[in-house]
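Remarks on the overall topology
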Amino acid sequence: MRSRLVTTYLLLLSMVLIALEVPLAVSLTNSETDRVVADRLADATRFASLAAPAMRSGELESVVDELRRYHDLYQVGTLLADQDQQVLSVFGSPLADTVGAETAMRGALAGRQVGTPDTLWPWRGRELVVAVPISDGGAVLGIVLTASPTGRNRGAIVSSWLELGLVGLLAVVACFIAAHRLAGWVLRPVTRLDGAAHDIAAGDNDARVPPEVGPPELRRLSASFNEMADAVADALERQRSFVAHASHQLRNPLTVLRLRLEDLGDHMADGSARADHEITMAETDRLADVLDGLLALASAERGRQRVEVVDAVALTLDRGLAWQPLTERRGIELVTVVPDEPRYARLVATALDQCLDALIDNALKFTPPGGRVEVEVASRDGGVEVTVCDNGPGMTEQQCRLATERFWRAPDKQNVDGAGLGLSIVMVLVEASGGRFTLAPARPRGLAARIWFPAAAAPPAAEPAPAPADQATDQATDQATPAQTTADQTTADRWLPPGPTGEHARIGEPGERDGTVTA
């Protein structure tokens, strides 16, 4: 927009300069031509006045001497001829421009003072030919003709044109600077509006435009934009709050329902009834997964997470160790490949933990017994990249592009447990940390999920304060992992992902009464 305004200003100025300077350049050229012609006509008229009595008496020596000295002094060609165009004296080459000389001689013999060419254009190298009649009592006795070189005059004209061009160029430069600043001043409210729109698109829902800046039209536009941004942010916050609260509140009745179903299972003797009971219990587990995923997604999308620096190597080793019991039970090899030195990354609190849990869980779902899941940590592109790669069936490139959409499931994987929210949560957490998340088919088969976080300097060492004795049990419980619980999972003991407070909850833990949930 600014470039268009500046171009418009410069175009208008260029048109004004052309309209002013072209006529001025022509005027300067005509003025120089008139000056030179007047000067040469004055000299030729003087010679004609001297030649009139000499031609009557036939004594032309004095006039010829004057013409010779004039030629020697000014290098101007001269010619003296009678009324029959008989040349009486000639110095230089006044007849070199044959067309101009003949025209001037005929005009002078007709009793007129003639100068040709009419204008000394710089690109024309013709000499200036001036002819004056020698008159005596109204009778034309002959002519005096001069042919002057015009190189110096044309050079003066070119110099004046260059001066005009320089003045015009300076005007254009000054206009460009002024137009650039003026366009910046005019577009400053639009620039701020554009910046606020980009900030909101990048996830900063608090970005707004100062409504008191700019002309009245843009002030109204800024106020309308701020109202729209407030409405959108409020709607998004209400939506996330509703999802979080609904997911959290539904856990209690779901727990009660599960406990009642478990009690009913003890009273079922019919085989078909027990099969239906197991299907119902599996559906409650699936519903719990959906609620947990929605709760984690709403928490991750709030955009107010605390940023911290973590050692990706140590955390990856810890998560690999946590998932080891489940991988051993399923007969899948879980391998962690990490460097010897720590790799520190800056990310949202618990982002890497949740991402690794979701990606490893996803890989284990689709890796057959005897398969292999590899988790690798490496430094790449100025950051830390963690790759989870399996040798399962994998996905196509098109499916990889769709996999991060909420509730998306591959057409051939509809019967696999899951709600289709795990990769969406990973995408939200990685983007909130300023990182990248990519999915791609692995070679020769399988799926490679890569998460990249910006690198960070090692945090300063700090001595952790000893935990009180009455908190040791709670801390040990909070540090228990979903993988460890999953390995020993029963229908009455099941972990939920971290809730809004970052703590884990369990459904149906032994010792719970009347179906309440401990979080």
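Residues numbered from 1 in each chain as written. Predicted model: local features only at pLDDT ≥ 70, side-chain atom pairs only at ≥ 80, totals over all residues. Heavy atoms only, no water.

Here's the deal with the sheet that holds strand E1 (residues 77-82)
Pairing in this open sheet of five strands is antiparallel, and the strands run E2-E1-E5-E4-E3 from one edge to the other. Each end of this open sheet is capped by a strand with a single partner; those strands are strand E2 (87-91) and strand E3 (114-116). Going from strand to strand, the sheet's axes swing by 10° on average, the running direction of each strand aside. Here nine bridges tie strand E4 (residues 128-136) to strand E5 (residues 139-148), and the two strands are oriented antiparallel to one another. Considered in E5, the bridge of Ile134 is made with Gly142. In the packing of helix H1 (residues 2-57) onto the sheet, contacts are made with E1, E2, E3, E4 and E5, and the angle to E4 comes to roughly 35°. Against the sheet, helix H2 (residues 61-74) makes contact with E1 and E2, and its axis sits at roughly 25° relative to E2, the strand it touches most. (Pairing = 2+ DSSP bridges. Helix = DSSP H or I, 4+ residues; strand = E, 2+ residues; numbered from the N terminus. Axes fitted to C-alpha atoms, helices over the stretch in contact; angles between N-to-C directions. Contact = heavy atoms within 4.5 Å.)

Side note on the pattern of salt bridges
Taken as a whole and judged by the stated rule, the model has 12 salt bridges. Two residues, Arg68 and Asp65, come together in a salt bridge whose shortest N-O distance is 2.8 Å. With Arg68 and Asp65 both in helix H2 and three residues apart, this pair spans about one turn of that helix. Asp65 gets classed as partly exposed once you look at its relative accessible area, which sits at 29%. (Salt bridge = Lys/Arg side-chain N within 4 Å of Asp/Glu carboxyl O. Buried < 20%, exposed > 50% of the residue type's maximum accessible area, 1.4 Å probe, protein only.)

Overview of the side chain of Thr119
Among the secondary structure elements, Thr119 is positioned in the loop between E3 and E4. Residues within four places of Thr119 in sequence aside, it is in contact with Thr29, Asn30 and Thr33.

As for the packing of H1 against H2
In the contact formed by H1 and H2, the axes pass within 9 Å of each other and the chain directions differ by 160°. Of the possible angle classes, the one that applies to H1 and H2 is roughly antiparallel. From H1, Arg40, Asp43, Arg46, Phe47, Leu50, Ala51 and Ala54 reach across to H2, where they touch Val63, Glu66, Leu67 and Tyr70. For the contact of H1 with H2, the residue count by class is seven nonpolar, no polar and four charged. (Parallel < 35°, antiparallel > 145°, perpendicular 65-115°, else oblique. Nonpolar A, V, L, I, M, F, W, Y, C, P; charged D, E, K, R; others polar.)

Digging into empty space enclosed by the protein
In total, this model carries three cavities of 30 Å³ or more according to the counting rule given. For the largest cavity, the full set of lining residues is Leu359, Asn362, Ala363, Val388, Asp390, Leu423, Leu439, Leu447 and Ala449. Per-element accounting of the lining of the largest cavity gives the leading share, three residues, to helix H8 (residues 351-366). Split into classes, the residues belonging to the lining of the largest cavity amount to seven nonpolar, one polar and one charged. (1 Å grid on protein atoms, 1.4 Å probe; cavity = no way out; pocket = protein on both sides within 12 Å on 5 of 7 lines; lining within 4 Å. Points joined across faces, edges and corners; volume = space filled by probe spheres on them.)

Here we look at the pairing of E4
Counting buried residues along E4, seven of its nine residues qualify, which places the element largely inside the surrounding structure. Relative to E4, E3 runs antiparallel, the two sharing three bridges. Each bridged residue has a counterpart across the sheet, and for Gly115 the counterpart in E4 is Val130. Here E4 folds back onto E5, and the loop between the two strands holds two residues, one of which, Gly137, carries a positive phi near 65°.

Points about the sheet that holds strand E9 (residues 372-380)
Ordered by their spatial adjacency, five strands build an open sheet running E7-E9-E10-E12-E11, and the pairing between neighbours is mixed. The open sheet has two edge strands with one neighbour each: strand E7 (333-337) and strand E11 (436-441). Going from strand to strand, the sheet's axes swing by 15° on average, the running direction of each strand aside. Here H8 sits on the sheet in contact with E9, strand E10 (383-390), E11 and strand E12 (447-454), set at roughly 20° to E10. Docked against the sheet, helix H10 (residues 422-432) engages E11 and E12, running at close to 140° with respect to E11.

Description of H10
Taking burial as the measure, the 11 residues of H10 include eight buried ones, the bulk of the element. Every buried residue of H10 is listed here: Leu423, Ser424, Ile425, Val426, Met427, Val428, Leu429 and Val430. Looking one or two residues beyond H10, the residue adopting positive phi is Gly434, at roughly 75°.

Comments concerning unusual backbone geometry
Of the consecutive residues Thr116 and Pro117, the connecting peptide bond is found in the cis state with omega at 5°. The residue Pro117 is located in the loop between E3 and E4 in this model. In this structure, Pro444 follows Arg443 across a cis peptide bond, with omega equal to 5°. Inspection of the secondary structure puts Pro444 in the loop between E11 and E12. With a phi close to 55°, Gln75 is a non-glycine residue in the positive phi region. With respect to the secondary-structure elements, Gln75 resides in the loop between H2 and E1. A positive phi angle, near 55°, is found at Asp381, a position not held by glycine. Counting through the fold element by element, Asp381 comes out in the loop between E9 and E10.

Points about the packing of aromatic side chains
By the definition in use, this model includes four aromatic pairs. When the ring of Tyr70 is compared with that of Tyr74, the centres are 5.2 Å apart and the planes differ by 55°; the resulting orientation is tilted. Residue Tyr70 and its partner Tyr74 are located together in helix H2, separated by four residues, close to a single helical turn. An angle of 50° between the planes, with centres 6.1 Å apart, marks the rings of Trp123 and Trp161 as tilted. With a gap of 38 residues between them, Trp123 in the loop between E3 and E4 and Trp161 in helix H4 (residues 151-201) connect regions that are remote in the sequence. Exposure remark for Trp161: the relative accessible area of 28% places this residue in the partly exposed category. Joined through ring pairs, the aromatic side chains of Phe47, Tyr70 and Tyr74 make up one cluster. Between the NZ or CZ atom of Arg436 and the centre of the ring of Trp452, over which it lies, the distance is 4.3 Å. (Phe/Tyr/Trp six-rings, centres within 6.5 Å; stacked < 30°, edge-to-face > 60°. Lys NZ or Arg CZ within 6 Å of the ring centre and 35° of its normal.)

So, the environment of Ser49
As for its placement among the helices and strands, Ser49 is situated in helix H1. On the accessibility criterion, Ser49 (48% relative accessible area) is partly exposed. Each C-alpha atom of the pair Ser49 and Val144 lies 9.8 Å from the other, and the pair is 95 residues apart in sequence. A polar atom in the side chain of Ser49 sits 2.6 Å from the backbone oxygen of Arg46. (Polar contact = N/O pair within 3.5 Å; in protein donor to acceptor, adjacent residues only side chain to side chain.)

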